[in-house]
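As a plain string of letters, each chain reads:
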Amino acid sequence: MTAGSKSAAHGPLHGVRVLDLSRILAGPTCTQALGDLGATVLKIENPGTGGDDTRQWGPHYVADAAGGQTDLSAYFMSTNRNKHSIAVDITTAEGQAHIRRLAADAHILIENFKPGGLDKYGLGYAEMAAENPSLVYGSISGFGQTGPNREKPGYDLMAQGYGGLMSITGEPEGEPMKVGVGIADVMCGMYATIGLLAALRHAEATGQGQHVEVALVDAQIAWMINEGVNYLTSGELPQRRGNRHPNIVPYGVYATADGHVIIAVGNDGQFQRFTDAIGLPALANDPRFATNPGRLEHRDALADILEPTVAQIPTQTLIAALEARKVPVGPVQTLDQVFASDQVAAREMQIDMTTPAGEVCHLIGNPLKLSQTPVTYRHAPPRFGADTTRLEADNPWKLGSE
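## Let's talk about the sheet that holds strand 11 (residues 329-331)
Taken in spatial order, the three strands of this open sheet run 9-10-11, and their pairing is antiparallel. Each of the sheet's edge strands pairs with one partner strand only, and the pair in question is strand 9 (251-255) and strand 11. Averaged over all adjacent pairs, the angle separating strand axes in this sheet is 25°, with direction ignored. Here five bridges tie strand 9 to strand 10 (residues 260-264), and the two strands are oriented antiparallel to one another. From the neighbouring strand, Y254 faces strand 10, where its bridge partner is V261.

## Focus on unusual backbone geometry
The omega angle of the peptide bond from G58 to P59 is 5°, so this bond is cis rather than trans. Looking at the element boundaries, P59 is found in the loop between strand 2 (40-45) and strand 3 (61-63). Cis geometry is adopted by the peptide bond preceding P250, which originates at V249 and carries an omega value of -5°. Tracing the backbone shows P250 in the loop between helix 9 (225-234) and strand 9.

## A short note on helix 10 (residues 268-277)
Buried residues of helix 10: Q270, F271, F274 and T275, and no others. End-on view of helix 10: buried residues confined to an arc of 130°, all on one side of the axis. In the core, the buried residues of helix 10 are packed alongside strand 10, helix 11 (292-297), helix 12 (299-310) and helix 13 (315-324). Just beyond helix 10, the residue with positive phi is G279, at close to 80°.

## A few points about the environment of R101
Relative to the assigned elements, R101 resides in helix 4 (residues 93-104). Of the residues examined, R101 reaches a relative accessible area of 33% and is grouped as partly exposed. Sequence spacing of R101 and A198 is 97 residues, and the spatial spacing of their C-alpha atoms is 25 Å.

## Concerning the nonpolar core
Most often, soluble globular proteins have nonpolar side chains that are buried together. Ranked by size, the top nonpolar core spans 28 residues in total, and within it L34, I108 and L196 carry the most contacts. Among the secondary structure elements, those contributing two or more residues to this core are helix 2 (26-36), strand 6 (108-111), strand 7 (136-141), helix 7 (183-206), strand 8 (210-215) and helix 8 (216-222). It is helix 7 that provides the largest number of residues to this core, a total of seven residues. Ignoring any residue separated from it by four or fewer positions in sequence, one finds L196 in contact with C30, L34, I108, I110, V136, G138 and V212. Among the nonpolar cores identified, the runner-up in size contains 21 residues, and L21, L102, Y121 and L123 belong to it.

## Concerning the side chain of R55
Its place among the elements puts R55 in the loop between strand 2 and strand 3. At 2.7 Å, the side chain of R55 forms a polar contact with the side chain of E45. Contacts of R55, omitting those with residues within four sequence positions, involve E45, G50, Y61, D71, L72, S73, F76, S85, P382, R383 and F384.

## Focus on the pattern of salt bridges
A full pass over the atoms with the stated rule returns 14 salt bridges. Residues D36 and R81 are paired through a salt bridge, measuring 2.9 Å at the closest nitrogen-oxygen approach. Taken as a pair, D36 in helix 2 and R81 in the loop between helix 3 (74-77) and strand 5 (84-87) lie far apart in primary sequence, 45 residues in all. An identical accessibility class is assigned to D36 and R81; each is buried.

## Notes on the packing of helix 2 against helix 7
Axis separation between helix 2 and helix 7 bottoms out at 7 Å; the angle between their running directions is 50°. In terms of their interaxial angle, helix 2 and helix 7 are classed as oblique. Helix 2 and helix 7 meet at a crossing whose hand is right-handed. Here helix 2 contributes A26, T29, C30, A33 and L34 to the contact with helix 7, which in turn contributes D185, V186, C188, G189, M190, A192, T193, L196 and L197. Its residues assigned to classes, the contact of helix 2 with helix 7 comprises ten nonpolar, three polar and one charged.

## Description of the sheet that holds strand 6
Taken together, six strands build an open sheet; the order of strands is 5-2-1-6-7-8 and the sheet is parallel. Both edges of this open sheet fall to strand 5 and strand 8, since each of them pairs with a single strand only. Pairs of neighbouring strands in the sheet enclose a mean axial angle of 20°, with direction left out of account. Examined bridge by bridge, strand 6 and strand 7 share four bridges and lie parallel to one another. Considered in strand 7, the bridge of L109 is made with Y137. Here helix 7 sits on the sheet and contacts strand 6, strand 7 and strand 8; the angle it forms with strand 8, its principal contact strand, is near 170°.

What counts, and at which threshold
Residues numbered from 1 in each chain as written. Predicted model: local features only at pLDDT ≥ 70, side-chain atom pairs only at ≥ 80, totals over all residues. Heavy atoms only, no water. Pairing = 2+ DSSP bridges. Helix = DSSP H or I, 4+ residues; strand = E, 2+ residues; numbered from the N terminus. Axes fitted to C-alpha atoms, helices over the stretch in contact; angles between N-to-C directions. Buried < 20%, exposed > 50% of the residue type's maximum accessible area, 1.4 Å probe, protein only. Arc of directions from axis to C-beta. Contact = heavy atoms within 4.5 Å. Core = buried A, V, L, I, M, F, W, Y, C linked by side-chain atoms within 4.5 Å. Polar contact = N/O pair within 3.5 Å; in protein donor to acceptor, adjacent residues only side chain to side chain. Salt bridge = Lys/Arg side-chain N within 4 Å of Asp/Glu carboxyl O. Parallel < 35°, antiparallel > 145°, perpendicular 65-115°, else oblique. Left-handed = near helix turned anticlockwise from the far one by under 90°. Nonpolar A, V, L, I, M, F, W, Y, C, P; charged D, E, K, R; others polar.

Put into structure tokens, the structure is as follows:
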């Protein structure tokens, strides 16, 4: 496939039709990823609530030409580009008919209602699959479609707590701490994307759709990764360590003379070069610290030596010295520093998109870099119901320049 092909111009999922009945964060994260990859995404929003709840989750909104507040909150915009907004009341017979008509020609439908929540409207998986056997139907919920907690509502904070993440996050003597963003929602959306694309490949090969369901708590437990398997292997509960690593020392955030720096020593050779760089070469030959198992055993004793030494060195001086010796090191940046960096510019991780009304949306770019079929940014985050009139068209899936 050449870079000049239609797929390259529109993305690898060009022609894939996604009916998005999700809202808040996990589902929209998934459908934005599909949209960035070229899929046509119709976002169904509830006219009774003014659309996706996050449209009102300020502060920080894009202003209109007169300086007034729009419904494009920063939160909403973070996961809703490359979509078309259609207002449909699914509690009415007319609204349900609209959804069935759209689903009949869709390749993927994704929803995040409570388990069974769409069944009462005749829009559950069984009903949709009967009308479109090749449909890939995705469901996101807090605890999943089965299990004793099936009926409980799911929110990111609850998932971080229930799945164990908060028990290992925070300072050793502090309270359990959540991650600074809704990471359980975001990762659930990523798992949903993987599952939906796998099911889509199966459907394209066989004509057989299926139900793909993902739970916030399941996804959060899955990415406990090494800490989870550490526990399963040893039976020992991991403790909160702040920025310390459970298996590697030294690895964490260290105070410098004028700020903070991240030092991540991954092997004994790096430790030798690190101690030489900070003027403590003898540490690499100390039997307590010569190997990583030894450094783990004597973690506190090593910290008592390293921390006051590092605290006397300016941040940039330390970074330059360690980089010169190939020791992993880096700054702790604030967001103004992040988005002003040459690295962000080179990787196109900050983008601007303009709405049809001329409003400029400053957004975070997609991290995927595909050499033949790159992601595309075709449609700015939509105003609520901007494409509702297209429901009356013969084929509402033909939207814009898709």
